[in-house]
Amino acid sequence: FGRLTGLSALYLEHNQLTGTIPAELGNLTALTNLILRGNQLTGVVPAALGQLVKLSELSLNHNQLLGTLPPELGLLTRLEVIFLDNNQFSGALPAEFGRLTGLHSLCVEHNQLTGTIPAELGQCTNLSRLFLDNNQFSGAVPMELGRFNGIGGFTLGGNPLLTCMFSAALAAVS
């Protein structure tokens, strides 16, 4: 696939694909949609995907991916949708995701993400769906998350180490 530099969309969902995501996909700089959900992919997300600067949708959900999320994904400022849920990602949610100001959906639920929720996500004011549930986030929910203009779905459940000032957080998102 790495030589198909004019390719604008790659849909390989629900094909029982195995193995790792090839770093060469980062050479497909015309891609606007990279959909690999519902396979059996393993390994880490290559940092080279941060070169896909035209990407508007990245769906890697429902695989067996692991490791940390590469901060280079924060360079994909045209991203509107990013689905990383139902994998085995660990480590922190990169603060660089706050650069994705055109983002409408960020779904990272059902992973093993740890650390605090980055306050920088508050810069993603167009988010309508933010699903962070069933991870291992800790600390306080950032008040900056109250900046969303029209949030329709916001889930935090299943993060037993997360603390929230309920009345303050409720006021922030209403």
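Look a little higher up for the structure.
Computed from a predicted structure; not experimentally measured. (Residues numbered from 1 in each chain as written. Predicted model: local features only at pLDDT ≥ 70, side-chain atom pairs only at ≥ 80, totals over all residues. Heavy atoms only, no water.)

Undergrad: Give me the lowdown on the environment of Pro 142, citing residues and values where you can.
TA: For Pro 142, the location among the structural elements is in the loop between β12 (136-140) and β13 (153-155). Filtering out sequence-adjacent residues up to four positions away, Pro 142 remains in contact with Ile 117, Pro 118 and Ala 119. (Helix = DSSP H or I, 4+ residues; strand = E, 2+ residues; numbered from the N terminus. Contact = heavy atoms within 4.5 Å.)

Undergrad: Explain the pattern of salt bridges to me, using residue names and the numbers behind them.
TA: This structure, assessed with the given rule, holds two salt bridges. Across the pair Glu 57 and Arg 37 runs a salt bridge, and its minimum N-O distance is 4.0 Å. Of this pair, Glu 57 sits in strand β5 (residues 57-59) while Arg 37 sits in the loop between β3 (33-35) and β4 (40-43), and the two are 20 residues apart along the sequence. By relative accessible area, which is 18% here, Glu 57 ends up buried. Residues joined by salt bridges that share partners form a network here, namely Glu 13, Arg 37 and Glu 57. (Salt bridge = Lys/Arg side-chain N within 4 Å of Asp/Glu carboxyl O. Buried < 20%, exposed > 50% of the residue type's maximum accessible area, 1.4 Å probe, protein only.)

Undergrad: How would you sum up the side chain of Asn 63? Please name residues and give values.
TA: Relative to the helices and strands, Asn 63 resides in the loop between β5 and β6 (64-67). Of the polar contacts made by the side chain of Asn 63, one reaches the backbone nitrogen of Gln 40; its length is 3.4 Å. Those residues in contact with Asn 63, other than ones at most four positions away along the chain, are Leu 36, Arg 37, Gly 38, Asn 39, Gln 40, Leu 41, Asn 86 and Asn 87. (Polar contact = N/O pair within 3.5 Å; in protein donor to acceptor, adjacent residues only side chain to side chain.)

Undergrad: Explain the sheet that holds strand β1 (residues 9-11) to me, using residue names and the numbers behind them.
TA: One open sheet holds the seven strands; their spatial order is β1-β3-β5-β7-β9-β11-β13, and the pairing between them is parallel. Two strands close off the open sheet at either side, each with one partner strand: β1 and β13. With strand direction ignored, the average angle separating the axes of adjacent strands in the sheet is 10°. Pairing analysis gives three bridges linking β5 to strand β7 (residues 81-83), with the strands arranged parallel. (Pairing = 2+ DSSP bridges. Axes fitted to C-alpha atoms, helices over the stretch in contact; angles between N-to-C directions.)

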